[in-house]
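Structural description and commentary
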Amino acid sequence: MDKSKMKYKEKLKYISNRALVLGTVVFGSFIILAVIQLLLAYKGETPWWIAIIITIFAILFPTVFWFWIHRPYMRCEKMMDRFLEGYIFSEKEDMELLNLTPSIQKQMKMVDRIVRSPQYMDLNKRQAQYLALQNQINPHFLYNTLESIRGEAIIAGLDSIADMTEALARFFRYTITKVENLVSVEEELDNCETYFGIQKYRFGDRLQLHIDYDIAEYEKIMNCRIPKLTLQPILENSIIHGVELKVGGGNLYIRFQCTKNRLLIRISDDGVGMDELTLAKLNQKLGKSTKAFHDNEEKQGGIALVNVNNRIHLIFGDEYGMHVYSVPGEGTDVEITIPILTDDRQVKNRSVLV
């Protein structure tokens, strides 16, 4: 967090603490005054009704102060912290929480409107594309090196090493060079098959990949757009945490199914599975919305799944994402739900959002 954000948060806490101190002092004064009035009324030096009224004020003051002043301010401070961390408020819900003063609410709405503007989105997209293009300079050294290794392997008659090097170069070219946010299912499957080909050199016939879909829906499924690197990280996760730990051979399945508006993808393995506690914790992480992306718990495992799920949330919304099913000793299924996007205009609109 930069210095300007730190200073702003310190100002908020400073004002909040002073308001709390002021409220405590006023409350203490009411208590002292109420005790004095009760003693005077007991001695007959002042009417009882005055002492009773002051006592009621002393009792009601902390409740009114807490619910009308301190609690709304703390809620506003919390929302402001989230805004400074980069969270964009929803127009209907979160903005209504910033009701400390009409001036603050007006300012926050103005800032939020600027952040949501197409010009700002386009600027962010251009900046991201620039950084992506800048990062493409270094991979050329990697590609050239891999090509040199492949050439040496062919000269030496090591065809398997040459093929593995070529597959690795294709995998890196897709992963690093391709800058689009959304790619077709066909492109993503090609990358998965490249990755699986590399793994075959390690596992041999012990590992098998099966891809299943309805032939009648082939073109529709292959043209659907999904976030880049959606399938391969999950496939890798299935190998490392499922099939690799299993004695004997293992199978991986990628199944596609279309509903009216959604594409369902299920990536399965017949590996070791996971216990109920581990499964519950993983699904709890996946069930979190974009508001919880910076939660420290998400840095303690299951990174590949959480990363893919978070990107789906960012592009399509929290109603889409993934869920994991698993039975110990039988295997694990990862189900992904995303909207069906095939129209170029839809894809362009989604790409602007990320």
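Residues numbered from 1 in each chain as written. Predicted model: local features only at pLDDT ≥ 70, side-chain atom pairs only at ≥ 80, totals over all residues. Heavy atoms only, no water.

This next bit is on the overall build of the chain. The number of helices and strands found in the chain is 13 helices and seven strands. Considering the chain as a whole, with its 354 residues, one finds that 36% of them fall into the buried category. For the chain, the exposed area adds up to about 21,600 Å²; of that, 59% sits on carbon and sulfur atoms. (Helix = DSSP H or I, 4+ residues; strand = E, 2+ residues; numbered from the N terminus. Buried < 20%, exposed > 50% of the residue type's maximum accessible area, 1.4 Å probe, protein only. Areas by Shrake-Rupley, 256 points an atom, 1.4 Å probe, with all protein chains shown as cover.)

Moving on, we get to the pairing of strand S5 (residues 262-269). Two strands pair when backbone bridges link them, and strand S4 (residues 250-258) and S5 are joined in this way by seven bridges, in the antiparallel orientation. Its bridge partner lying in S5, Gln257 is registered against Leu264. The antiparallel hairpin formed by S4 and S5 contains three residues in its connecting segment. As defined by bridge partners, S5 adjoins strand S7 (residues 331-339) across eight bridges and the pair is classed as antiparallel. If you follow Ile265 over to S7, its bridge partner there is Ile336. (Pairing = 2+ DSSP bridges.)

On to the packing of aromatic side chains. For the structure on display, the rule yields three aromatic pairs. Judged by centre distance (5.4 Å) and plane angle (45°), the rings of Tyr213 and Tyr218 are tilted. According to the relative accessible area criterion, Tyr213 is partly exposed, its value standing at 26%. Residue Tyr218 is classed as partly exposed on the basis of its relative accessible area, which comes to 34%. (Phe/Tyr/Trp six-rings, centres within 6.5 Å; stacked < 30°, edge-to-face > 60°.)

For the rest of this paragraph, the subject is helix H11 (residues 276-287). Taking 1.5 Å per residue as the helical rise, H11 with its 12 residues ought to reach 16 Å, and the 16 Å between its terminal C-alpha atoms agrees with that figure. Among the residues of H11, those classed as buried are Leu279, Leu282, Asn283, Lys285 and Leu286. Along H11, the residues classed as buried sweep out an arc of 155° about the axis, all on the same side. Turned more than 90 degrees away from the buried face of H11 sit Glu276, Leu277, Lys281, Gln284 and Gly287, all of them exposed. (Expected span 1.5 Å × (residues − 1). Arc of directions from axis to C-beta.)

Right, let's talk about the sheet that holds S5 for a bit. Strand order in this open sheet of five strands is S2-S4-S5-S7-S6, and the pairing throughout is mixed. The outermost strands of the open sheet, each flanked by one partner alone, are strand S2 (207-212) and strand S6 (321-327). Going from strand to strand, the sheet's axes swing by 15° on average, the running direction of each strand aside. (Axes fitted to C-alpha atoms, helices over the stretch in contact; angles between N-to-C directions.)

All chains considered together, the criterion is met by six salt bridges. Across the salt bridge formed by Arg202 and Glu244, the nearest N and O atoms sit 2.5 Å from each other. In this pair, Arg202 sits in helix H8 (residues 185-203) while Glu244 sits in the loop between helix H10 (231-243) and S4, placing the two residues 42 residues apart along the sequence. What you see here is one network of salt bridges that share partners, running through Arg266, Asp333 and Glu335. (Salt bridge = Lys/Arg side-chain N within 4 Å of Asp/Glu carboxyl O.)

Viewed as axis vectors pointing N to C, H8 and H10 meet at an angle of 25°, and their least axial separation amounts to 9 Å. Between H8 and H10, the angle is such that the two are roughly parallel. You can see that H8 and H10 cross each other, and the crossing is right-handed. Here Glu188, Leu189, Asn191, Cys192, Tyr195, Gln199 and Phe203 of H8 come into contact with H10, specifically with Leu231, Gln232, Leu235, Glu236 and Ile239. Looking at the contact of H8 with H10 residue by residue, the class counts come to seven nonpolar, three polar and two charged. (Parallel < 35°, antiparallel > 145°, perpendicular 65-115°, else oblique. Left-handed = near helix turned anticlockwise from the far one by under 90°. Contact = heavy atoms within 4.5 Å. Nonpolar A, V, L, I, M, F, W, Y, C, P; charged D, E, K, R; others polar.)

Right, let's get into a nonpolar patch on the surface. A contiguous nonpolar surface patch, about 1,100 Å² in accessible area, is contributed by Leu38, Tyr42, Trp48, Ile52, Ile56, Leu60, Val64, Trp66, Phe67 and Trp68. Elements supplying a minimum of two residues to the nonpolar patch: helix H1 (3-43) and helix H2 (48-84). With eight residues, the single largest contributor to the nonpolar patch is H2. (Patch = residues over 30% accessible without salt bridge, like charges linked within 9 Å, V, L, I, M, F, W, Y side chains within 5 Å.)

All right, on to the nonpolar core then. Residues Val185, Leu231, Phe256, Leu263, Ile265 and Ile336 are the most contacted members of the largest nonpolar core, which totals 46 residues. Setting aside chain neighbours within four positions, we find Val185 in contact with Ile221, Met222, Cys224, Ile226, Phe256 and Leu263. (Core = buried A, V, L, I, M, F, W, Y, C linked by side-chain atoms within 4.5 Å.)

Looking at where Thr278 falls in the secondary structure, it is placed in helix H11. A residue is classified by how much of its surface remains accessible, and Thr278, at 40% relative accessible area, is partly exposed. With 48 residues separating them in the primary sequence, Thr278 and Ser326 have C-alpha atoms 9.8 Å apart.

Once that is clear, we can look at the state of the cysteines. This model, assessed by the stated rule, comprises zero disulfides. Looking at Cys224, it has no disulfide partner, and the nearest cysteine sulfur is the one in Cys258, 5.0 Å off. Taking the relative accessible area as the measure of exposure, Cys258 reaches 11% and is therefore buried. (Disulfide = S-S within 2.5 Å.)

Summary statistics for the chain give a mean pLDDT of 76 and a share of 66% for residues scoring 70 or more. Within the model, pLDDT remains below 50 along residues 290-302, and this stretch shows 22 contacts once partners closer than five positions in the same chain are excluded. (pLDDT = per-residue confidence, 0-100.)

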